[in-house]
Amino acid sequence: MAAPTEDRRRVSSRVAVLQVGVIVWFAALAICFWVLQVVQTEKFVEMANSNYQRTLALRAPRGVLFDRNGRVLVENRDSFTISIDRELTKDIPGTIRAAAALLGLDVEQVNQAVDRHLRSEPVYRPVVIVQDASLEQAVRVLSRQRELPELSVEQVPTRKYPDDALAAHLFGYVGQADEDQVKAEGLAQNAIVGKFGVEKIYNAVLMGEDGAKSVVVNSMGREIRELDKILPTEGRRVQLTIDYDLQKAAEDGFRHAGFNGAALIMDPRTGEVLVHASMPAFDPNDFAAGIKSKTWSALTTDTLRPLNNRVLQGRYSPGSTFKIVVATAAMEEGLVDSNYRVNCAGGANFYGRFYKCHLRGGHGSVDMRHALEKSCNVYFYTLGNMLGVDRIYKWAERLGLAGKTGIDLPNEQESLVPNTEWKLKRTGERWYPGETISVAIGQGQVSVTPASLANMIATVANGGTRITPHVVKAIDEGNGWKPVPLKAVADRVAFRPDTLAALHDGLWMVVNAAGTGVRGKIPGRDVSGKTGTAQVISNEGRARARGTTRDLRDHGWFVFFAPKDKPEIAGVIFGEHNLHGYLGAPIAKHVIETYFAKKEGRPLPVIGQTPSNEPPVADPDATPVLPAPEVADARPVNSRTTVQ
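Residues numbered from 1 in each chain as written. Predicted model: local features only at pLDDT ≥ 70, side-chain atom pairs only at ≥ 80, totals over all residues. Heavy atoms only, no water.

**Q** Outline the packing of aromatic side chains, supporting the account with residue identities and numerical values.
**A** Scanning the model with the defined rule gives 18 aromatic pairs in all. Measuring from centroid to centroid gives 5.0 Å for tyrosine 595 and phenylalanine 596, while their planes differ by 90 degrees, and the two rings are edge-to-face. Exposure remark for phenylalanine 596: the relative accessible area of 4% places this residue in the buried category. Grouped by ring-pair contacts, the aromatic residues Tyr173, Phe196, Phe282, Phe287 and Trp296 constitute a single cluster. Over the face of the ring belonging to tyrosine 244 we find arginine 71, whose NZ or CZ atom lies 3.7 Å from the ring centre. Sitting above the plane of the phenylalanine 596 ring, arginine 525 keeps its charged end 4.2 Å from the centroid. (Phe/Tyr/Trp six-rings, centres within 6.5 Å; stacked < 30°, edge-to-face > 60°. Buried < 20%, exposed > 50% of the residue type's maximum accessible area, 1.4 Å probe, protein only. Lys NZ or Arg CZ within 6 Å of the ring centre and 35° of its normal.)

**Q** If you had to explain the pairing of strand E22 (residues 555-562) to someone new, which residues and values would you point to?
**A** The side chains of a regular strand alternate between the sheet's two faces. In terms of burial, E22 is largely enclosed, as 8 of its 8 residues are buried. Of the pairings in the sheet, the one linking strand E21 (residues 528-534) to E22 comprises 7 bridges and is antiparallel in character. Along E22, the bridge assignment pairs alanine 534 with histidine 555. Judged from the 7 bridges that link them, E22 and strand E23 (residues 569-575) form a sheet pairing that is antiparallel. Residue pairing in the sheet places tryptophan 557 in a bridge with phenylalanine 574 of E23. What sits between E22 and E23 in their antiparallel hairpin is a turn of 6 residues. (Helix = DSSP H or I, 4+ residues; strand = E, 2+ residues; numbered from the N terminus. Pairing = 2+ DSSP bridges.)

**Q** Which residues make up a nonpolar patch on the surface, and what values do they have?
**A** There is a patch of nonpolar side chains on the surface, built from Leu18, Val22, Trp25, Phe26, Leu29 and Phe33 and spanning about 610 Å² of accessible area. Here valine 22 lies in helix H1 (residues 2-39). Residue valine 22 is classed as partly exposed on the basis of its relative accessible area, which comes to 37%. (Patch = residues over 30% accessible without salt bridge, like charges linked within 9 Å, V, L, I, M, F, W, Y side chains within 5 Å. Areas by Shrake-Rupley, 256 points an atom, 1.4 Å probe, with all protein chains shown as cover. Salt bridge = Lys/Arg side-chain N within 4 Å of Asp/Glu carboxyl O.)

**Q** Let's hear about the pattern of salt bridges: which residues, and what values?
**A** Opposite charge on two side chains permits pairing when their charged atoms draw close. This structure, assessed with the given rule, holds 29 salt bridges. Put simply, lysine 248 and aspartate 252 hold a salt bridge, and the shortest N to O gap is 2.9 Å. Linking lysine 248 with aspartate 252, this pair stays in helix H10 (residues 244-257), spanning 4 residues, or about one helical turn. Three or more residues are tied together by salt bridges with common partners; here these are Arg369, Asp505, Lys564 and Asp565.

**Q** Just give me the short version of the side chain of aspartate 367, but keep the residues and values in it.
**A** You can see aspartate 367 is positioned in the loop between strand E16 (364-366) and helix H15 (368-374). There is a polar contact of 2.9 Å between the side chain of aspartate 367 and the side chain of histidine 370. With residues near it in sequence (within four places) discarded, aspartate 367 still touches Ser338, Asn339, Tyr340, Arg341 and Tyr379. (Polar contact = N/O pair within 3.5 Å; in protein donor to acceptor, adjacent residues only side chain to side chain. Contact = heavy atoms within 4.5 Å.)

**Q** Can you explain the state of the cysteines? Please cite residues and give values.
**A** Two cysteines, two sulfur atoms, one covalent bond between them: this is a disulfide. What the rule picks out here adds up to 0 disulfides. The structure places no disulfide on cysteine 344, whose sulfur is separated from the nearest cysteine sulfur, that of cysteine 376, by 3.7 Å. According to the relative accessible area criterion, cysteine 344 is buried, its value standing at 2%. (Disulfide = S-S within 2.5 Å.)

**Q** Residues and numbers for the pairing of strand E11 (residues 261-266), please.
**A** Most of E11 is tucked away, with 6 of its 6 residues classed as buried. Taking every second residue as pointing to the same face, both faces of E11 are buried, with Gly261, Ala263 and Ile265 on one and Ala262, Leu264 and Met266 on the other. Two strands pair when backbone bridges link them, and E11 and strand E12 (residues 273-279) are joined in this way by 6 bridges, in the antiparallel orientation. Of the residues in E12, the one forming a bridge with alanine 262 is serine 278. Two successive antiparallel strands, E11 and E12, enclose a turn made up of 6 residues, where glycine 271 displays a positive phi of approximately 85 degrees. Pairing geometry for E11 and E23, over 6 bridges, is antiparallel. Its bridge partner being in E23, methionine 266 is matched across the sheet by alanine 570.

**Q** So what's going on with the packing of helix H20 (residues 450-461) against helix H21 (residues 497-512)? Which residues, and what values?
**A** The geometry of H20 relative to H21 is characterised by a closest axis approach of 10 Å and an angle of 115 degrees between their N-to-C directions. For the pair H20 and H21, contact is made by Ile457, Val460 and Ala461 and by Leu500, Leu503, His504 and Leu507, respectively. (Axes fitted to C-alpha atoms, helices over the stretch in contact; angles between N-to-C directions.)

**Q** Let's hear about the sheet that holds E23: which residues, and what values?
**A** One open sheet accounts for 5 strands, arranged E12-E11-E23-E22-E21; its pairing is antiparallel. In this open sheet, the two edge strands, each paired with only one partner strand, are E12 and E21. Strand-to-strand twist across the sheet, computed as the mean angle between neighbouring axes with direction ignored, equals 5 degrees.

**Q** So what about the nonpolar core? Which residues, and what values?
**A** Membership of the largest hydrophobic core comes to 98 residues, with the highest contact counts inside it found for Leu240 and Phe322. Considering every element that reaches this core, the biggest residue donor is H20, with 8 residues. What phenylalanine 322 contacts, discounting residues up to four positions off in sequence, is Ile392, Ala396, Leu401, Val417, Val439, Ala440, Gly442 and Val446. Counting residues in hydrophobic clusters, the runner-up holds 27 residues, among them Val275, Ala277, Val527 and Ile573. (Core = buried A, V, L, I, M, F, W, Y, C linked by side-chain atoms within 4.5 Å.)

**Q** Explain the side chain of serine 452 residue by residue, including any values.
**A** Considering the arrangement of structural elements, one finds serine 452 in helix H20. Judged by relative accessible area, serine 452 falls into the buried class, the value being 0%. A polar contact of 2.6 Å, which involves the side chain of serine 452, links it to the side chain of serine 415. In this structure serine 452 touches Gly400, Leu401, Thr405 and Ser415, once residues within four positions along its chain are discounted.

**Q** Now, about unusual backbone geometry: what can you tell me, with residues and values included?
**A** The linkage connecting methionine 279 with the following residue, proline 280, adopts the cis geometry, with an omega of 0 degrees. Take proline 280: it is sitting in the loop between E12 and helix H11 (285-288). Note that the residue after alanine 562, namely proline 563, is joined by a cis bond; omega there is -15 degrees. Among the structural elements, proline 563 can be located in the loop between E22 and E23. Here arginine 305, not a glycine, exhibits a phi torsion of approximately 50 degrees, which is positive. Under the relative-accessibility criterion, arginine 305 is labelled partly exposed at 40%. With a phi angle near 55 degrees, serine 375 is a residue other than glycine that sits in the positive phi range. Within the fold, serine 375 resides in the loop between H15 and helix H16 (377-387).

**Q** An account of helix H14 (residues 323-332) is needed here, citing residue identities and associated values.
**A** Each α-helix turn comprises 3.6 residues. Residues three or four places apart therefore point the same way. Within H14, 10 of the 10 residues are buried, leaving the element largely enclosed by the surrounding structure. All buried positions along H14 are accounted for by Lys323, Ile324, Val325, Val326, Ala327, Thr328, Ala329, Ala330, Met331 and Glu332. Directly after H14, the chain includes glycine 334, whose backbone phi takes a positive value near 80 degrees.

Okay, structure coming up:
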């Protein structure tokens, strides 16, 4: 009986040992869990946070802009952005101060950038504090990653424009989407969008689709491995109607002439814009990665207003170029034909007032062609008085001079050609006959943009078809260039043969006979055109403003087309405060010579190397002294009848 008892004792002691062992083991395990989960909680939370997944946006390059011949105009370059990762910092103010000191930034500016994102961005999205960082700044951040892991450097595509600010107002510029755009279009806070020019109007085409990649990073912010990647899609390529060489020729012409202004030159057969220049310009590269406040302040306070697109936003009296409209109206309304003659004795009386011509002693007896050639004011005073302001307005509108041209660019201003209804609505007063006299020579309340004047001369050049100017020729949707459909013709005027012949002959004589545009003459090219000089202020106002710092010098115009019978190129040169319209003719001449040299495969001309024709001794387009409109004639015009 002793053996079974002994066996039970041995089994019990083994069980006891096993029980103790299990208890000890569980106790040890419990202690380990307690140490790991309680004592060392901070350590392991930090370690867990040191390796985490991050989704990084991959900015899409914007579409490249080409000229009509395939030359790259606007492209993209690689640049660096420096950001703060808020998930890797426990002290945002401290990080801001450290970043500002390291990168040579203003602390307040960095604060503002971070504050803006704190309100609208999730915490996991890095805050960009430096756009287009220098290589030195990028290296500084990378070399301090161990101490400042919350700072990161990213390589992104950035817009690159021509270095010489070529066609700046045409291209426009890009910038970060503002809060309204972010909300309305669902864009990311750092999205780069078009703000002006082609970049703005065609933003949806040029803006690509951003990609993204998911990565695991360590506590230093360095990628350990890539989990997933969606490549960005580049914006679509866009071919403009602009010709690089003609654009450069026009801008070189302004610089050589020494004055500012605007030029819009197009193919009168299609409306394709070949040149769009506004001087002075600005450098769009300053905006590509966020413009500096100092640069922006300099641009916005510059008295020459370089940000103003004079082609579309500047409105000026057209001066004698408006005589083309009056001549057209008089012949098309059947009031006169091209042989109608007026005797100019140096001035004429209308409604009890004497209106001077620019030529003392007068031009004698002139017909339509010679009146255009000599720019005889008395002839056009007479036609204007016969027409009345409403019929002048009718033909200004039909030729494309009133209202907007409809060009595919932003912020176009309407050109103003007055009529009786306009004045009644604006002032509550009727139109006075004396006001029509000054309107007939492009003064008074006529105010037009260079774009609309270019549209007018293109309509005359092509025989009466009012086309809509446009700057985009084709878009590459991924399967090669696809031409952009032309806009519908705005209007088509069936000119009388005598009207068109007289206009083309008279405008040819302006340049090639004894007219005011002789500086635009090119042997064998049959350049036709019309000069104009327009007052900035009335003669009475000029006398009162003596001593002012404002520039009160006259503006000058030159509208043109070539060749005379089958025009291929037409446009306008506007000289701001350049005193005389004929001074714009050499710029047009240089562009036309460049056009035909390219067409014929000859070397391109260099501005200033061909001798200019001598200008006239006196400016035939100089604004005459007109009686003040408010006293020119006190009798109102009945709005239901036309003044003859």
